[in-house]
Each structure stands twice: as C-alpha cells, then as structure tokens.
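Below are the chains, spelled out letter by letter.
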Amino acid sequence: MRNLFSQNNAIQLQNVENNIAFLELKYGNIYGGFPNFFAIAEVSLLVFENRSNKIFIESWVNRADVDFVSVYSKTNELGHTVGRYKEVINMRSGRKRPFMEEFKVDERALQYSFKQLRPVHPQIKRFILNTFRKYQIQTVVTFDGRRDIFLCERAGARFDRMRIVDLQKDLNKITDYLFSLNKLAVIINFDMDGSYLRSINQEYWLHPIAAKQLSPGTAAWDAARLLMVYNEFTLYQTDFLLRAQQLLNKIQATKPVEEKKTEINNKEEEE
C-alpha cells in the first residue's frame, strides 16, 4: 500500500466555479432480463453554490412499472465492504422482493418492461439539460461515474461543454488506492442532522424541502456524501489524506481478524 503522502503532485483546489453539480444515479438490470442492459431508476443533481454555500437538490425518479435489480453493499464501522446483496424493486410502487439468481423473465413480460421504459429517455434528457441551464453548470463531479455519464448520454443528455471530474479516479492517482464512497464517508465523518450536512471541517444548512430528499440508499443521499467528500478533499487536503491513511491502516490491522471470523463461520456452517 502506497503511503498517501508519497506523491507531491496533489490535485489543486478545483472548486473555483460558482456552481458545481454532483451527479449520482441509481440503476440496475431488468429483473430476469439481459445482464448488460441497465435501466435508470433515479437521477440526482446536487448543486453547490460556492460563494454562498447554498445547496440545491434536483431529483428525477422513474415511475415505470418495471422490476429492476438493486445491488447494495453491507459495510462495517470502517466503511469496508463485508458483503454485497441484491434485491428486486418495482420502480413505480417501490415494492421490494427477494432476488433469485436463476429467475428469467418471459419474452412477453420483457417486452412490456421495454415499452414502459421507452418514454423515459426524453424525460431524463429534459431533466438534466434543464437543471444545467437553470443553475448555469459548467462542472460536473461524479464518483466512478463513467457508466453514469454513459447512461445519461444514451438518454440524450450532452456533456460536451462540461468539465467532468471523477473524484474516485483523481483520488486513485494520488493514493494508488480505489476508495469507495462508503470509506470516504467514514474518513470525513459524514453526518446529517435535521437540515444540516456535517463533516469534520464543514457544516451546511439545507432547506427543509431539500432535506426531505435525502435518505440513505437514494441517489440524492450519495450526491450529498459526494459533495462533502469533495469539499473536504479540495479544501483540507492534508488533513483529508492523513485521515485516509489512518483508516487504511485500521482496515489492514483488522482484516486478518475478519478473515478469521469468516473462516470460523464457514466451518460452523459446514458442520
């Protein structure tokens, strides 16, 4: 593991524009459909106004009658992934049911899902472009966002004149470590208390209407975490990298214990 302070070409302060948009998507495969076809369930654009520290949240939610597969991670107190799970969610009703690996949808039902999704692309395109225009966005921040950008472009949204920052990729250049957003949220001590977003060095007030959009597991929640990580990194980089190194050291120290527990549990299951 590379020491996080071994590289001197740290990324310089980037949030010089007035408004920056943080883009997060929730998407998944149609349940029982093609593994390489992804349907967008949510799009969130959190806009941060640097000069005033104001936060605006614009969200779009897919209401098509389609069951999609949501993949989520279970993490420990260090933000380290200890398991990945899948569940099936209906976009219209929000109803959840267990995921079965062998399930295959019949052709008629699959075509029904495609028909339901057909009007979605123009809606996504209009939502994104209207938000960019409304807030005069020139910079978009993503996190491991290559597929997010691709799915938005497939819907017709254009990013030609945008500066796209992939924070995970930028951090990887400095640290030689592929951080997850869950680990980074632990590093900055991310917290939401009522209408306030807080981290180690920051506190931002949210309008109550915006605050209602933030609940764990949503695209808006991830966009809020991404904002706080981005600002901690760009404004307090030395402190951020020190805390990142400390977290990685803790993960390395506890990994053998966790692996040992897994081995014991596996043996107990076999018996």
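Our subject is the structure that appears above.
Bear in mind the structure is a predicted one, so any value in this text is a computation, not a measurement. (Residues numbered from 1 in each chain as written. Predicted model: local features only at pLDDT ≥ 70, side-chain atom pairs only at ≥ 80, totals over all residues. Heavy atoms only, no water.)

K.L.:
How should the nonpolar core be read in this particular structure?
P.N.:
Side chains of nonpolar character tend, in soluble globular proteins, to be buried together. If you look at the biggest cluster of nonpolar residues, it comprises 43 residues, and the most contacted ones within it are Phe22, Ile55, Leu167, Leu197, Leu206, Leu214 and Phe240. For this core, the secondary structure elements donating two or more residues are strand E1 (19-29), strand E2 (38-49), strand E3 (54-61), helix H4 (167-175), helix H5 (181-187), helix H6 (208-211), helix H7 (219-235) and helix H8 (237-270). No other element matches H7, which puts ten residues into this core. Once residues lying within four places of it in the same chain are set aside, the contact partners of Leu197 are Ile55, Phe190, Asp191, Met192, Gln202, Glu203, Tyr204, Leu206, Leu214, Ala224, Leu227 and Met228. (Core = buried A, V, L, I, M, F, W, Y, C linked by side-chain atoms within 4.5 Å. Buried < 20%, exposed > 50% of the residue type's maximum accessible area, 1.4 Å probe, protein only. Helix = DSSP H or I, 4+ residues; strand = E, 2+ residues; numbered from the N terminus. Contact = heavy atoms within 4.5 Å.)

K.L.:
Would you mind showing me how to read the pairing of strand E8 (residues 163-166) here?
P.N.:
In the case of a regular strand, side chains alternate between the two sheet surfaces. Here strand E7 (residues 139-142) pairs with E8 via four bridges, running parallel. Across the sheet, residue Val141 finds its bridge partner in E8, namely Val165. A crossover connection joins E7 to the parallel E8 through helix H3 (residues 146-154); in handedness this β-α-β unit is right-handed. (Pairing = 2+ DSSP bridges. Right-handed = clockwise from strand over helix to strand, strands pointing away.)

K.L.:
Quick question: what am I supposed to make of the pairing of E2 here?
P.N.:
Most of E2 is tucked away: ten of the twelve residues are buried. In this structure, E2 lies alongside E3, joined through eight bridges in antiparallel fashion. Bridging from a neighbouring strand, Phe48 pairs with Ile55 of E3. Hairpin connection between E2 and E3: a loop of four residues separates the two successive antiparallel strands, and Asn53 in this loop has a positive phi of roughly 65°.

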